[in-house]
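Structural characterization, general
Listed below, chain by chain, are the residues.
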Amino acid sequence: MMAEFVPRSIKPKSLFGKMLTGFLAVIVLLVAFNFVTSVYLKNKIHDEIVKYNELSINHTVEGYENHFRLSKNIVLGLNQNDRWMTNLNILRKVKENNGYASIEDIRSELKALYSNPFLQFENVIIYFRNDAYVVEKDGTSSAEDMFGKFYRSGDYPLSFWNRQFDERIGFRVLPASRFTEKSAGVETDKGLLLPMLMKPMPYNDMYMIVMLDAQKLFQIHNISSDQHFYILDPDGRPIYTTTPDMPIEPLSAFDPAKSSVMKGHYYYFFRKGPETGFTYVSMVPAESISLQLVRLNTILISLLAAAALVSIAASVLFSRSLHTPLRKIIDSLQAWDTGEPQPKHGPIREFDLIGHKVDQMMQTNKSITQDLAHKTSLLRKYALTNKLKNIHMNLAELREMADNNMPFMILLFEIHFKEKYAELSIDQEKGTYYIRECIDSVLLRSYEESVTFQMERNLVLSLIFTADTGPDSVSQPIDYLKNMFDVEHDLYLVTMAVSPLYPAASAFTEAYEEMTQAIKQRRLLDETQVIRGVQPAPEPYPFTVLMEEELHTRLMSGREEAVGEWIAKHVEQLGRRGASIEAYRQFAKEVALQTDKTLQKLNLHGQRGGASAQPSLCGLSAVYSAEQLKQWFAALLQPAVQLIRRHTEDQDPITRFVIDYLDAHLHEDITLDLMADKLKITPGYLSTYFKEKTGMNFSDYLNDLRIQRAKLLLDNLELKIQDVAAHVGYQNANSFIRMFKRYSGITPGEYRKKYASRLTAE
């Protein structure tokens, strides 16, 4: 009787036949739709490719024109600055005006230009005709050295730049050329640069040269970096080409009324810039467009055929795979025959029998459900009781759980939630619970006897009972957990302390105490860290009396960069020692204490604006990375240094005279006796008076001022160290080196090497 429900061939009313027929109908419709669509799209592809290239050249032209206009406006806009114009007038006759001090003012203004990453300025050069010298980002040099050594180009010799003084121009973009630098017999490529010449009116004895990085401009303003592209000036001369041997069409080949033209084997897409009058041309090989159409047609046909074949095969397999288990279900139902009459046939025979048998099973199960209903209350009560038993857990109870002869290990997890976690609006307690559950599930995969508990708000402990004594017995789950924590590194930070294998539970207290000490050995790194056992602590970093004096001197100088340099030096030394995060926090507390002492000496402690004006020492416990520590020091020291600077600037005439005299005569041999003689007072009185008003000894102030001035002079690599020492008042180079190292932590030669490395990086 059951055989009629199981088709051995494709029958119209069988599930297999109906499913296969439906699938084939859908496949035919999809194939027809795809064929019509491919035929339609084929006729549109060519126009779309051309339109895309036209949009691409329009985007390129707008980018270049906006960049040239913005560069011109920003550079010439400096002429609206009265201080800028005053310094330029001084530097036009720098020897006659003895105006070398104005060079640094000009360089600081230029720095804002070439340090702007959006302008792509490789350098900004000001060429002065009278004294034949230039001012640029690295300082000053003669015009002969600048254009003969530092910016050499066969297209732009010194004679070319000299002729520009006589040209009547205000702004001009010159053709790109490859510049090199020749130093110590070695010639270094500076890249392909695009010079922009700007002459501020009404001067004819100076002008400015902006060196643009031509390759970066092309990468920024072109949608496709593999285009053949070039720029022509209004006279048809090439300004820039992506390929040196590129065939260049004359301007007459481009009809202004069109945006593209085909010549030979190339499509030329072009547009004239409204700002510069340049013509921008992009070349696209004609065969590439045709090849794309052929490839598209081939791909569409292949995909259409493959899709049809795969769909037919999948339809047959899917229908078979669904029908086969269904037939087995029907065979099983036939074995459970209650003797009731079979149902009438519907649209699908198999479904008729299954529906009939399911109704019978539902009636049977109804009585079973009623029998179990009265037991539900008892099961719920048991579940609640079991849950309540596991809510509270302390260390003594953990030890009782570990009271057996099986060896064990402890994993201790410390969790720091980051600022971004607060955006999730999830309580940290709940977050720790979720993390604990994840840890528990990972460890249970490898160790069925492991248990995990939340000890404190951000502390999770896992006990692993294992007989494996290998050194890497838990490496796999630890690595898995570390990768899992790294995925959500932007939300929280986890430190894992892994104990060695202990022989029995009697050592549990000792093991737990060791892990709590190990977790404190976390380094000041913004990453997941794994600490295996208690490592020997590095030597302590004491805050010596000399360090207190140096910090006090830096604070009294009123210069934030001097204080920041001292902080950075000692933080770097902590890092080289492998200090833990606790050592960094202790150092920060000592700095805060010394800052308060300095302010108290000046009676300024009450002017800090209350507790909200400085970071809390309690907040150090939340610091987990070097960037956070840097922000904490900035919040602590910047207001204090500004307060001290305002205090020292508002001085009496005697102190003001001393400070001004030292600043103007720093290169001379200055002593306390000399200053007292000029003020007609005794040296002892002046020393006491100066210390009372500034909080610094006269000698400390003088040496600190000389060292800071020396750092500026060391930036000029052409000056010898002996010359720098003489410029700041040290006639003995050894004394200068010793004093420089005392106040800076490094020698002048080491400082200059660091400066040279920064220039190379830029």
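Structural data are supplied above this passage.
Below is a short write-up of the structure. Predicted model only: the values in this text are computed from it and were never measured.

A tally of regular secondary structure across the protein gives 25 helices and 17 strands. For the protein, with 762 residues in total, the buried portion stands at 40%. Long-range pairs, those at least 24 residues apart, make up 63% of the contacts in the protein with a sequence separation of at least 6. For the protein, the exposed surface amounts to about 42200 Å²; the carbon and sulfur share of it is 55%.

We now examine the sheet that holds strand E13 (residues 408–417). One open sheet holds the 5 strands; their spatial order is E14-E15-E13-E16-E17, and the pairing between them is mixed. Lying at the two open borders of the sheet, with one neighbouring strand each, are strand E14 (451–456) and strand E17 (529–532). With strand direction ignored, the average angle separating the axes of adjacent strands in the sheet is 20°. Pairing analysis gives 7 bridges linking E13 to strand E15 (residues 459–465), with the strands arranged antiparallel. Among the inter-strand pairings, Met 409 is bridged to a residue of E15, identified as Ile 464. Each of E13, E14, E15 and strand E16 (492–498) is contacted by helix H12 (residues 428–446), which is oriented at about 155° to E14, the strand it contacts most. Along the sheet, helix H14 (residues 508–518) contacts E13, E14, E15, E16 and E17; its crossing angle with E13, the most-contacted strand, is approximately 35°.

A separate point is the pattern of salt bridges. Summed over the entire model, instances satisfying the criterion amount to 21 salt bridges. The salt bridge partner of Glu 187 is Arg 152, with a shortest N-O separation of 3.6 Å. Here Glu 187, found in strand E6 (residues 186–198), pairs with Arg 152, found in the loop between helix H5 (143–150) and helix H6 (158–163); they are 35 residues apart in sequence, far enough to count as distant. When its relative accessible area of 45% is taken as the criterion, Glu 187 is described as partly exposed.

Turning to the pairing of strand E8 (residues 228–232), a few remarks are in order. Among the 5 residues in E8, 4 count as buried, and that is most of the element. Across 3 bridges, the pairing between E8 and strand E9 (residues 238–241) is antiparallel. In the strand pairing of E9, Leu 232 is matched with Pro 238. What sits between E8 and E9 in their antiparallel hairpin is a turn of 5 residues, with Gly 236 showing a positive phi close to 90°.

This part covers the sheet that holds E8. Read from one edge of the open sheet, 5 strands run E9-E8-E12-E11-E10, paired in antiparallel fashion. Two strands lie at the open edges of the sheet, namely E9 and strand E10 (260–263), each paired on one side alone. Strand-to-strand twist in this sheet, taken as the mean axis angle between neighbours without regard to direction, amounts to 20°. Here 7 bridges tie strand E11 (residues 266–272) to strand E12 (residues 279–285), and the two strands are oriented antiparallel to one another. Bridging from a neighbouring strand, Phe 269 pairs with Ser 282 of E12.

All right, on to a nonpolar patch on the surface then. A surface patch of nonpolar side chains, amounting to about 370 Å² of accessible area, comprises Leu 424, Ile 426, Tyr 433 and Tyr 434. Assignment of secondary structure puts Ile 426 in the loop between E13 and H12.

The rules behind each value
- Residues numbered from 1 in each chain as written.
- Predicted model: local features only at pLDDT ≥ 70, side-chain atom pairs only at ≥ 80, totals over all residues.
- Heavy atoms only, no water.
- Helix = DSSP H or I, 4+ residues; strand = E, 2+ residues; numbered from the N terminus.
- Buried < 20%, exposed > 50% of the residue type's maximum accessible area, 1.4 Å probe, protein only.
- Contact = heavy atoms within 4.5 Å.
- Areas by Shrake-Rupley, 256 points an atom, 1.4 Å probe, with all protein chains shown as cover.
- Pairing = 2+ DSSP bridges.
- Axes fitted to C-alpha atoms, helices over the stretch in contact; angles between N-to-C directions.
- Salt bridge = Lys/Arg side-chain N within 4 Å of Asp/Glu carboxyl O.
- Patch = residues over 30% accessible without salt bridge, like charges linked within 9 Å, V, L, I, M, F, W, Y side chains within 5 Å.

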